[in-house]
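Tertiary structure, described
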Amino acid sequence: MNFELQNPFAQSFPEGFDSSIEAFALCARFNPRGVFAGHFLAVGRIDGAVSVLDFETRGVVRWLEGHVRAVTTLCWSRNSRYLLTASRDWNAIIWDLSSSASQTDAGERRDTVRFDGPITSAHLHPRNSKMLVVTLQGQVQPVFVDLRTEGGRWNLEPIVEEDEEDEDDEDDGSKKNRELATIARFNPAGDLIYVGTSRGSINIFDVETKECLWAEYIGAASTIKHLEFDEEGKTLVINSNDRCIRVIRLMDEEPLSDQTSPPPEDASPPPARPPRIPWFSEQHKFQDLVGRTSWNGCAFSRDGEYIIGGAGHKGSHNIYVWDRESGGLLKILEGPKDPLEDLDWHPIRPLIASVSSLGLIHVWTTSMAQNWGAYAPGFEELDENLEYPEKEDEFDIEDETVLKRRKAGEQDRPVDILSVPRTSRSSKQPGATATNTLSDTYEDWVKIEADEDDSVAFYPAPELDEVYEGDPEPPEIVVQRTTNGDHKDEDTGNVSEELGMPEEEVVMSHPRRKKARKAVG
């Protein structure tokens, strides 16, 4: 897509419903980065299959069969070569989508990891797809898996307070009120794991040491269903069971407290916060005060300026769009009547793909007005005919040599059609601003056994109807006499010397030449 030809004043969020795709889907995700960012849409199906669609042509470019139950989670690698799928059949599979993977013995399925229960969420490490973190249904500890040679599997133990330990010892029925892990995400830099719980807390783990560094309470004792970062890793959007979507800023310094009264004298001082743990500051809280709508999904826009929430109405399919800075409601996208299950924002265009309970993928976009003035700097659109004032030297005859030299200089300028422009947020690597402050030890640890996820790895396999084998070899020269004799010779040697004939009486025929005949004197 040529970003220079787009209208810079066009609306940067969708305006209405556009079309639907029949995909038998339960979840869907665009590929977020790479050369083909947003060109492919991964669809997790109810029957356990996974399809990768070419979003422009709506054709299937990959069909992946490995699960036996519904696929609940999809996650792309940083450059769209690998795809993580998790299902209710207790399995997580990492697929290699490169065109050369199908020709190997292992095939497109690179790794398969089986767990001890149904998977509720799964996420790939943003810088090495050989590491992933998952949460299991009814389990307190999230599971971190390292598929490298010296890796393994770890249950991440959260911080347990002394009061909770005493309650567990006294009453066995308190197990029903345990703080279960519901969703896990790597931060964009990849050095921390954020785990949402059933009691409204976020546990933060270190990726290298697998230790719980901090536990943050978001302000409501309700289950956290969704947790997403922006591209820079400075803001969180959280969806909880209390029917609120919270926008939380992650700050390097402690925010100013609104409390005017000093804390009581007998109060214990708060624990020291580790250096890498940010301060949480709630920026906005979105909710439907009239209808008390619950939310089935939330996400940031491609540039981080907007926040979307999928309403959980049973009889409608609505998407709410809020402004990130002011917190005001900008648009309510009203579409079909089938309930919404999942949604995702396109990484480049103002476009949203939402999944309905009927398995359809609804596409929401903005109306693109034809702007012919974007193709030429001096082109101007007119509503009516106007008289054109001709300049004095506008149609003067110019020297052809100077004109050709100027045109040649303009044509020699190289044109880059592969790299993504800097204006696009998809060209930024995840956690680009945060990785500058990471330690050298972590950098060396992440680069061990790199996953070869380069930006040009994912290309659809070419399909050719006919294989070109090159030009056929020319046939041998056929020699025959011009007289009425019956003798014919197909030898390619010097015929005139073998037959004792003059060269004027020899005729040479070839399928690519016209017959030439010379008169005999």
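Placed above this text is the structure.
Scope of this entry: the structure provided in the associated data block. (Residues numbered from 1 in each chain as written. Predicted model: local features only at pLDDT ≥ 70, side-chain atom pairs only at ≥ 80, totals over all residues. Heavy atoms only, no water.)

**Here we look at the nonpolar core**
- One finds Phe144, Ile193 and Trp445 to be the most contacted residues of the largest nonpolar core, which totals 17 residues.
- Elements that contribute at least two residues to this core include exactly β11 (131-136), β14 (181-186), β15 (192-197) and α3 (440-446).
- Each residue touching Ile193, except ones within four places of it in the same chain, is listed here: Val133, Phe144, Leu156, Arg185, Phe186, Asn203, Ile204, Phe205 and Val207. (Core = buried A, V, L, I, M, F, W, Y, C linked by side-chain atoms within 4.5 Å. Buried < 20%, exposed > 50% of the residue type's maximum accessible area, 1.4 Å probe, protein only. Helix = DSSP H or I, 4+ residues; strand = E, 2+ residues; numbered from the N terminus. Contact = heavy atoms within 4.5 Å.)

**Considering a negative patch on the surface**
- A cluster of acidic side chains, namely Glu390, Glu392, Asp393, Glu394 and Asp396, defines a negative patch on the protein surface.
- Inspection of the secondary structure puts Glu390 in the loop between β28 (360-365) and α2 (400-411). (Patch = residues over 30% accessible without salt bridge, like charges linked within 9 Å, V, L, I, M, F, W, Y side chains within 5 Å. Areas by Shrake-Rupley, 256 points an atom, 1.4 Å probe, with all protein chains shown as cover. Salt bridge = Lys/Arg side-chain N within 4 Å of Asp/Glu carboxyl O. Lys, Arg positive; Asp, Glu negative; His and termini not counted. Charge placed at Lys NZ, Arg CZ, Asp CG, Glu CD.)

**Some points on the sheet that holds strand β7 (residues 82-87)**
- Strand order in the open sheet formed by four strands is β6-β7-β8-β9, with antiparallel pairing between adjacent strands. The sheet terminates laterally at β6 (71-76) and β9 (109-114), the two strands that pair on one side only. With strand direction ignored, the average angle separating the axes of adjacent strands in the sheet is 15 degrees.
- Taken together, the five bridges between β7 and strand β8 (residues 91-96) define a ladder with antiparallel strand orientation. When the sheet's bridge partners are listed, Ala86 is paired in β8 with Ala92. (Pairing = 2+ DSSP bridges. Axes fitted to C-alpha atoms, helices over the stretch in contact; angles between N-to-C directions.)

**As for the side chain of Asn239**
- Tracing the chain through its elements places Asn239 in strand β19 (residues 235-240).
- Owing to a relative accessible area of 0%, Asn239 belongs among the buried residues under this scheme.
- In contact with Asn239, not counting residues within four places along its chain, are Thr223, Ile224, Lys225, His226, Cys244, Ile245, Trp295, Asn296, Gly297 and Cys298.

**Some words on the pattern of salt bridges**
- This structure, assessed with the given rule, holds 18 salt bridges.
- A salt bridge links Asp47 to Arg45, with the shortest nitrogen-to-oxygen separation between them at 3.2 Å.
- By relative accessible area, Arg45 is classed as buried at 15%.
- Residues Glu216 and Arg273 are paired through a salt bridge, measuring 3.7 Å at the closest nitrogen-oxygen approach. With a gap of 57 residues between them, Glu216 in strand β17 (residues 212-217) and Arg273 in the loop between β20 (245-251) and β21 (279-286) connect regions that are remote in the sequence.
- Glu216 gets classed as buried once you look at its relative accessible area, which sits at 14%.

**So, the side chain of Thr197**
- Of note, Thr197 is situated in strand β15.
- At a separation of 2.8 Å, a polar atom in the side chain of Thr197 contacts the side chain of Glu179.
- Those residues in contact with Thr197 that sit more than four places away from it in its chain are Glu179, Leu180, Ala181, Thr182, Asn203, Ser222, Thr223 and Ile224. (Polar contact = N/O pair within 3.5 Å; in protein donor to acceptor, adjacent residues only side chain to side chain.)

**Here's the deal with the environment of Gln283**
- In this fold, Gln283 is placed in strand β21.
- For Gln283, a relative accessible area of 25% translates into the label partly exposed.
- In this structure, the C-alpha to C-alpha distance between Gln283 and Arg249, residues 34 residues apart in sequence, is 6.4 Å.

**What to know about the sheet that holds strand β24 (residues 318-323)**
- Sheet architecture is open: four strands sit in the order β22-β23-β24-β25, paired in antiparallel fashion. At either end of the open sheet lies a strand with only one pairing partner, and these are β22 (295-300) and β25 (329-334). Ignoring which end each strand starts from, the neighbouring axes of this sheet average 20 degrees apart.
- Pairing of β22 with strand β23 (residues 306-311), which is carried by five bridges, proceeds in the antiparallel orientation.

**Let's talk about the pairing of β15**
- By the criterion of burial, β15 is predominantly enclosed, with six of the six residues buried.
- Every second residue of β15 is oriented toward a common face, with Leu192, Tyr194 and Gly196 on one face and Ile193, Val195 and Thr197 on the other, all of them buried.
- Bridge count for β14 against β15 is five bridges, and the pairing is antiparallel. Each residue of the ladder has a partner; that of Phe186, found in β15, is Ile193.
- In this antiparallel pair of consecutive strands, β14 and β15, the connection spans five residues, and Gly190 shows a positive phi of 90 degrees.

**Topic: unusual backbone geometry**
- Notably, Arg58 is not glycine yet its phi reads approximately 65 degrees, a positive angle.
- Along the chain, Arg58 falls in the loop between β4 (49-54) and β5 (59-65).
- Notably, Arg243 is not glycine yet its phi reads approximately 65 degrees, a positive angle.
- Take Arg243: it is sitting in the loop between β19 and β20.
- The partly exposed category is assigned to Arg243, whose relative accessible area is 36%.

**Thoughts on the pairing of β28**
- The buried count for β28 comes to five of six residues, which makes it a mostly enclosed element.
- Note that strand β1 (residues 16-22) and β28 share six bridges and pair antiparallel. The residue bridging Ile21 from the neighbouring strand is Ile361, located in β28.
- Pairing analysis gives four bridges linking strand β27 (residues 352-356) to β28, with the strands arranged antiparallel. Bridge pairing in β28 places Val355 opposite Ile361.
- Connecting the antiparallel pair β27 and β28 is a turn made up of three residues, with Gly359 showing a positive phi of about 85 degrees.

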